[in-house]
Amino acid sequence: MKFDLITDLYVFMLAAFIGFEVIRRISPLLHTPLMSLTNALDAIAVVGAILLTGRHESPLSVVLGTIAIVAATSNVVGGFLITDRMLKMFKTSRPQKP
Amino acid sequence: MTQISTQTIIEITYLIATALFILALKWMSNPARARHGVWAGELGMLLAICGTLLNSGIVDYKWIAIALVLGSIIGVPLGMVHMTAVPQRTALSHCFGALCVTLVGASEFYLRTPEVPRFTMGVLSMEVILGSLTFTGSLMAAGKLQELLPQRPITYKGQNFVNLSLLAVSIGVAVFLVIHPDRAAFFPVILGVPLVLGVMMIIPIGGADMPTVISLLNSYAGLSAAAMGFVLDSKLLIIAGALDGASGFILSVNMSKAMNRSFTNVIFGAFGQEQKHVAAGAEERTVRSASAEEAAQILGAASKVMIVPGYGMAVAQAQHKVRELYDALTKKGVDVRFGIHPVAGRMPGHMNVLLAEADIPYDKLMDLDEANPEFPQTDVALVIGANDVTNPAARTDAGSPIYGMPILDVDKAHTVMVVKRGMSPGFAGIDNPLYYLDRTLMLFGDAKAFVGAIVRELAGGGGHG
């Protein structure tokens, strides 16, 4: 238990550093799609909700878990969908005017 | 034996998903490859969900299946909203993310109590506090952005005291629960009080502060998911939450830098209230206005034009007319660029998305640092629906509330044209000396209609048809 905690803290710290370094390089041009993408990725919390609902430990946990899955899944689907729609719109200028 | 190997398979899917998530963000740094990032994210998500479904602890799939289907059905319309609705959609998705985290946190507490280890109780409290705070806060932000709630900041005496007290109560009870994890009766406090705090925190936030606040809520949502990862001992969740938290944090820092304000100032010092600023000389100063015809002549004769869009362009839905203007001028050989301030609009990158939607190539969109050195060589700076981000008082007038805020130096262009409905001051109620400069021409009217009129003049006047 204690070991897991320390490992988890290391993981968190390293992930935060990677996050800073990777995201710093993203141009302001794409900050809106960045936010919707991280939102979709963040909805990985659905994993915890699925386990909670599936374990079927109490009626309350099933109800809350089900709502949680619905909320997170709508973020996954909606988040990826809108990010892709936005990114599809970004085009460079090419001399192809009719 | 099979038990172990299934567990290993699950862990491997999580590992691959984590790598794909990091790649997804890495690919976002290049607009040409950014869509690969979305695909990597989707694949990672699919793998992680499938891996989770293999878990031997799951005894009942019925509700999971129903919820996954229902969530997908709700998700599709949320993914298909109009581009102008993206800020409120984003706020709403922070709200959903936080809801998921909070509900799971609360359930985990009630399933584990009274034997919750202290550390778990600590992160669980963090998860629940941040989660419920973000839930109502984002809901309020979405309501303001959708204009269901008044956009003006609402302030009252002792507001900061109330908010800080609510925060102190939540943290105090959380600490108490860490010491006495068996006192389950106190748990609703760390659920309920932050719910109220979320509402109270957003009440004094005005439209111009939305980019910062939305980024901050983004960061909170990420951190609460990371806390949930600690509770469940899931490295995948910790990493995804940390990435999201870092992203939201970087964006909030960028936004508050772009407004020359600190976080605390954004949260605790509602903008636009203390400015009783009497513009004594304002009435005597004259402004020069011009018609669409004159504007078209000047623009047509220019060789370099910088368009500066703001929230007003989004409100008037003028981006497609702006695109027509861009086409008409480009056809005449005018070099047209766009100067975009980080806090133009209601969320980070808002203007870029709207202009990209109108098919304006992204290599013509310049950020603050790229655009500013260009203004002295620019013939015409055309400001459409932006105000405070072009206010030269930020550079020169130490008494101005926005003094020190980095602005787009449109006043350094040879001619400045400002499309504006009337002479009413901007969001913050600050007078803009830009409008009284000799080189400034005011184009009074609705952004969409006026830009449309300029386009017609350009087509009719210089077409040689």
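Section: the overall build of chain B
No. 1: When helices and strands are counted, chain B shows 17 helices and 6 strands.
No. 2: For the C-alpha atoms alone, the extent of chain B along its principal axes is close to 80 × 50 × 35 Å.
No. 3: Looking at chain B as a whole, 56% of its 465 residues are labelled buried.
No. 4: Considering only intrachain contacts with a sequence separation of at least 6, the fraction spanning at least 24 residues in chain B is 78%.
No. 5: When the accessible surface of chain B is summed, it comes to about 18,500 Å², and 63% of that surface belongs to carbon and sulfur atoms.
No. 6: Positive and negative side-chain charges in chain B, numbering 32 and 35 respectively, have mean positions lying 1 Å apart.

Structural notes on the packing of aromatic side chains
Each aromatic ring pair is described using two quantities: the centre-to-centre distance and the angle formed by the ring planes.
No. 1: Within the structure shown, the criterion is met by 9 aromatic pairs over all chains.
No. 2: Taken together, a centroid distance of 6.2 Å and an interplanar angle of 80° make the contact between Phe119(B) and Phe230(B) edge-to-face. Taken together, the positions of Phe119(B) in helix α5 (residues 118–145) and Phe230(B) in helix α8 (residues 210–232) put the pair 111 residues apart, joining distant regions of the chain.
No. 3: A connected cluster of aromatic rings, assembled from ring pairs, spans Phe12(A), Phe119(B) and Phe230(B).
No. 4: Geometry around Tyr311(B) places Arg346(B) over its ring, the cationic atom sitting 3.5 Å from the centre.

Some thoughts on the confidence of the model for chain B
Residues and elements named next belong to chain B.
No. 1: A residue-level look at chain B finds 93% of positions with pLDDT of 70 or above and a mean pLDDT of 88.
No. 2: Residue range residues 271–282 is modelled with pLDDT below 50. Its contacts to residues more than four positions away, or to other chains, number 16 contacts.
No. 3: The ipTM assigned to the predicted complex is 0.93, against a pTM of 0.89.

Concerning the side chain of Asn218(B)
No. 1: You can see Asn218(B) is positioned in helix α8.
No. 2: We classify Asn218(B) as buried; its relative accessible area is 0%.
No. 3: Not counting the four nearest positions on each side in its chain, Asn218(B) is found in contact with Met35(A), Thr38(A), Asn39(A), His94(B), Asp244(B), Ser247(B), Gly248(B) and Leu251(B).

As for the interface of chain B and chain A
No. 1: Each partner contributes to the interface: chain B provides 103 residues, whereas chain A provides 81 residues.
No. 2: Buried area between chain B and chain A, summed over both chains or domains, comes out near 8,000 Å², and the portion from carbon and sulfur atoms is 76%.
No. 3: Where chain B meets chain A, there are 19 residue pairs in polar contact (both at pLDDT 80 or more).
No. 4: A per-element tally of the side of chain B that touches chain A places helix α9 (residues 235–258) of chain B first, with 16 residues.
No. 5: Residue composition of the side of chain B that touches chain A, by class: 63 nonpolar, 24 polar and 16 charged.

Re the layout of surface pockets
No. 1: If you add up the space inside the second largest pocket, you get close to 580 Å³.
No. 2: Residue lining of the second largest pocket: 26 residues in total, with Pro28(A), Asn254(B), Pro342(B), Asp367(B) and Asp369(B) positioned closest to the centre.
No. 3: For the lining of the second largest pocket, the elements supplying multiple residues, two or more each, are α1 (2–24) of chain A together with α9, β3 (365–367) and α15 (368–371) of chain B.
No. 4: Top contributing element to the lining of the second largest pocket by residue count: α9(B), with 5 residues.
No. 5: Of the residues contributing to the lining of the second largest pocket, the split by class is 15 nonpolar, 6 polar and 5 charged.

Re the pattern of salt bridges
No. 1: Summed over all chains, the structure comprises 17 salt bridges over all chains.
No. 2: Close ionic contact of Lys321(B) with Glu324(B) constitutes a salt bridge, the shortest N to O distance being 3.6 Å. Taken as a pair, Lys321(B) and Glu324(B) lie in helix α13 (residues 319–331) at a separation of 3 residues, close to a single helical turn.
No. 3: Because the salt bridges share partners, they merge into one network encompassing Arg55(A), Glu57(A), Glu108(B) and Arg112(B).

Things to note about α9(B)
Because an α-helix packs 3.6 residues into every turn, residues spaced three or four apart end up facing the same way.
Residues and elements named next belong to chain B.
No. 1: When the terminal C-alpha atoms of α9 are compared, their 34 Å separation across 24 residues agrees well with the 34 Å that a helix rising 1.5 Å per residue should span.
No. 2: Counting buried positions along α9 gives 19 out of 24 residues, so the element sits mostly inside the fold.
No. 3: Looking one or two residues past α9, Asn260 carries a phi angle of roughly 55°, positive in sign.

Remarks on the sheet that holds strand β5 (residues 415–420) of chain B
Residues and elements named next belong to chain B.
No. 1: Taking strand neighbours across the sheet as the criterion, the 6 strands line up as β3-β2-β1-β4-β5-β6 in an open arrangement whose pairing is parallel. Since the sheet does not close on itself, it has two edges, and those belong to β3 and β6 (440–444), each with one partner. Between one strand axis and the next, the sheet turns through 25° on average, direction left out of account.
No. 2: Against the sheet, α13 engages β1 (304–309), β2 (335–340) and β4 (380–384), with an angle of about 145° to β2.

Brief notes about the environment of Asp363(B)
No. 1: Secondary-structure assignment places Asp363(B) in the loop between α14 (350–357) and β3.
No. 2: The exposure class of Asp363(B) is partly exposed, given its relative accessible area of 38%.
No. 3: Along the chain, Asp363(B) and Arg337(B) lie 26 residues apart, while their C-alpha atoms are 8.7 Å from each other.
No. 4: Contact partners of Asp363(B), with chain neighbours within four places excluded, come to Lys91(A), Thr92(A) and Ser93(A).

A short note on the packing of α5(B) against helix α7 (residues 187–202) of chain B
All names here are of chain B.
No. 1: Remark: α5 packs on α7, axes separated minimally by 7 Å, with the N-to-C direction vectors making an angle of 30°. With respect to their mutual orientation, α5 and α7 come out roughly parallel. Here the hand of the crossing between α5 and α7 comes out right-handed.
No. 2: Among the residues forming the contact of α5 with α7, the class breakdown is 17 nonpolar, 5 polar and 1 charged.

So, the confidence of the model for chain A
No. 1: Averaged over every residue, the pLDDT of chain A is 90; the share at 70 or more is 92%.
No. 2: Looking at the elements of chain A, mean pLDDT is at its lowest for α1(A), recorded as 89, and at its highest for helix α4 (residues 59–89) of chain A, recorded as 95.

Digging into the environment of Val77(A)
No. 1: Note that Val77(A) resides in helix α4.
No. 2: Relative accessible area serves as the criterion here: at 25%, Val77(A) is assigned to the partly exposed category.
No. 3: Each C-alpha atom, one on Val77(A) and one on Ala43(A), is 9.6 Å from the other, the two residues being 34 residues apart in sequence.
No. 4: Not counting residues within four places of it along the chain, the set of residues in contact with Val77(A) comprises Ser72(B), Gly75(B) and Val76(B).

The rules behind the values
- Residues numbered from 1 in each chain as written.
- Chains lettered and ligands numbered in written order.
- Predicted model: local features only at pLDDT ≥ 70, side-chain atom pairs only at ≥ 80, totals over all residues.
- Heavy atoms only, no water.
- Helix = DSSP H or I, 4+ residues; strand = E, 2+ residues; numbered from the N terminus.
- Buried < 20%, exposed > 50% of the residue type's maximum accessible area, 1.4 Å probe, protein only.
- Contact = heavy atoms within 4.5 Å.
- Areas by Shrake-Rupley, 256 points an atom, 1.4 Å probe, with all protein chains shown as cover.
- Lys, Arg positive; Asp, Glu negative; His and termini not counted.
- Charge placed at Lys NZ, Arg CZ, Asp CG, Glu CD.
- Phe/Tyr/Trp six-rings, centres within 6.5 Å; stacked < 30°, edge-to-face > 60°.
- Lys NZ or Arg CZ within 6 Å of the ring centre and 35° of its normal.
- pLDDT = per-residue confidence, 0-100.
- Buried area = accessible area lost by both parts, 1.4 Å probe.
- Polar contact = N/O pair within 3.5 Å; in protein donor to acceptor, adjacent residues only side chain to side chain.
- Nonpolar A, V, L, I, M, F, W, Y, C, P; charged D, E, K, R; others polar.
- 1 Å grid on protein atoms, 1.4 Å probe; cavity = no way out; pocket = protein on both sides within 12 Å on 5 of 7 lines; lining within 4 Å.
- Points joined across faces, edges and corners; volume = space filled by probe spheres on them.
- Salt bridge = Lys/Arg side-chain N within 4 Å of Asp/Glu carboxyl O.
- Expected span 1.5 Å × (residues − 1).
- Pairing = 2+ DSSP bridges.
- Axes fitted to C-alpha atoms, helices over the stretch in contact; angles between N-to-C directions.
- Parallel < 35°, antiparallel > 145°, perpendicular 65-115°, else oblique.
- Left-handed = near helix turned anticlockwise from the far one by under 90°.

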